[in-house]
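Here is how the chains run, residue by residue.
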Amino acid sequence: PEDDAYIFTQTDCANFIRDRIRDEVAKFGGGSLVAAISKLPINIMKKIEQRNKDLVTVRASDSALSGFAKLMKHKVRKDWNLGAIPVIADGGKDEGKIVATLSASDLRSLTQDEVPFLLRPVTDYLKYIYGKIPTPLSVSAETTFGEALNKILDNKVHRVWVADGKGSPTGVFALTDAIYQFTSEASKAQNGG
C-alpha cells in the first residue's frame with residue numbers, strides 16, 4: 001500500500017548517524033569507533049580539505065543571476081557537489097564575511113513575472129524571496145564532526161560554512177560530507193585500514 005512508501009533522505013541518514021553517535025557514546029563512552037569519528041575536527045577530513053581549496057563564492061553586490069550561473073557552472077565538476085555558495089560582503093567593515101547562502105533551491109518559488117528580480121544584487125533577491133536574508137550558519141575548521149553535524153540537524157539546514165576567525169569562508173561541511181566521512185571511516189575500520 002501507498003502508506004508504506006517512504007523516501008530515505010540525506011537528513012534521515014544524518015539523523016541515523018547522530019543517533020548512532022549518541023547511543024555508542026552513552027554505551028561505551030569515548031572508546032568506540034563512532035565516538036572517535038564524532039571527535040574528529042572537520043579540517044582533517046581529506047575529501048573536505050581537497051574540495052575547500054577551490055571554494056566558490058559570490059559577492060553580495062553581484063546579481064542573483066550571476067550567483068546562480070556560478071552555482072550551475074561548478075555543480076557539474078566531478079569533485080564538487082555544489083548545491084549552494086556563500087555570499088560574501090564586498091564592502092564596509094564586514095568585507096569578506098559570509099552574509100548569506102545562495103542555494104539552487106532559492107529558485108524554486110520564482111514565477112515568470114519575478115524573473116527580473118534575478119538582476120538585482122544577491123542579498124536583495126534573497127530578501128525578496130524570503131522577506132529577510134536568512135542568517136548563514138558557520139563553524140570553525142577545528143569544529144568536530146559531531147558538533148558540525150548537530151548544528152546542521154538542529155537548524156534543519158543542509159550545510160554549515162567553515163569560516164576563519166574573521167568570518168570569511170574557507171570551506172563547507174554538508175550532509176553529504178557527514179555521510180561520506182562516517183561511512184568511509186567505518187569502512188576503513190571494518191576492513192582493517
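These numbers were taken from a predicted model, which means no experiment stands behind them. (Residues numbered from 1 in each chain as written. Predicted model: local features only at pLDDT ≥ 70, side-chain atom pairs only at ≥ 80, totals over all residues. Heavy atoms only, no water.)

Asker: Tell me about the overall build of the protein, residues and numbers included.
Answerer: When helices and strands are tallied, the protein shows 7 helices and 6 strands. Along the protein, helices and strands appear, N-terminal first, in the series α-α-α-β-α-β-β-α-β-α-β-β-α. Looking at the 193 residues of the protein, the share that counts as buried comes to 42%. Here the analysis covers contacts within the protein between residues at least 6 apart in sequence; of these, 62% occur between residues at least 24 apart. Total accessible area computed for the protein in this model is approximately 11,100 Å², and 52% of it derives from carbon and sulfur atoms. (Helix = DSSP H or I, 4+ residues; strand = E, 2+ residues; numbered from the N terminus. Buried < 20%, exposed > 50% of the residue type's maximum accessible area, 1.4 Å probe, protein only. Contact = heavy atoms within 4.5 Å. Areas by Shrake-Rupley, 256 points an atom, 1.4 Å probe, with all protein chains shown as cover.)

Asker: Can you lay out the packing of aromatic side chains for me, pointing to particular residues and giving the numbers?
Answerer: Scanning all chains against the criterion turns up 3 aromatic pairs. Geometrically, the ring pair formed by F68 and Y125 is edge-to-face, given 5.7 Å between the ring centres and 85 degrees between the ring planes. Of this pair, F68 sits in helix α4 (residues 64–75) while Y125 is found in helix α5 (residues 122–130), placing the two residues 57 residues apart along the sequence. Just as F68 is buried, Y125 falls in that class too. With centroids separated by 3.7 Å and ring planes inclined at 10 degrees, the aromatic side chains of F117 and Y128 adopt a geometry described as stacked. Placement of the pair is F117 in the loop between β3 (98–103) and α5 and Y128 in helix α5, with a sequence separation of 11 residues. (Phe/Tyr/Trp six-rings, centres within 6.5 Å; stacked < 30°, edge-to-face > 60°.)

Asker: Tell me about the sheet that holds strand β5 (residues 159–163), and please be specific about residues and values.
Answerer: Strand order in the open sheet formed by 3 strands is β4-β5-β6, and the pairing between neighbours is mixed. Looking at the sheet topology across the chains shown, the edges are occupied by β4 (138–139) and β6 (169–174). Where β4 lies against β5, 2 bridges are found, and the strand directions are parallel. Residue pairing in the sheet places V139 in a bridge with V162 of β5. In the packing of helix α6 (residues 145–154) onto the sheet, the strands contacted are β4, β5 and β6, and the crossing angle to β6 comes to about 75 degrees. (Pairing = 2+ DSSP bridges. Axes fitted to C-alpha atoms, helices over the stretch in contact; angles between N-to-C directions.)

Asker: Mind laying out the environment of T123, listing which residues take part and the relevant values?
Answerer: Structurally, T123 can be placed in helix α5. For T123, a relative accessible area of 15% puts it in the buried group. Taking C-alpha positions, T123 is 9.6 Å from A89, a pair spaced 34 residues apart along the chain. When neighbours within four sequence positions are excluded, T123 is seen to be in contact with A60, V87, V99 and I133.

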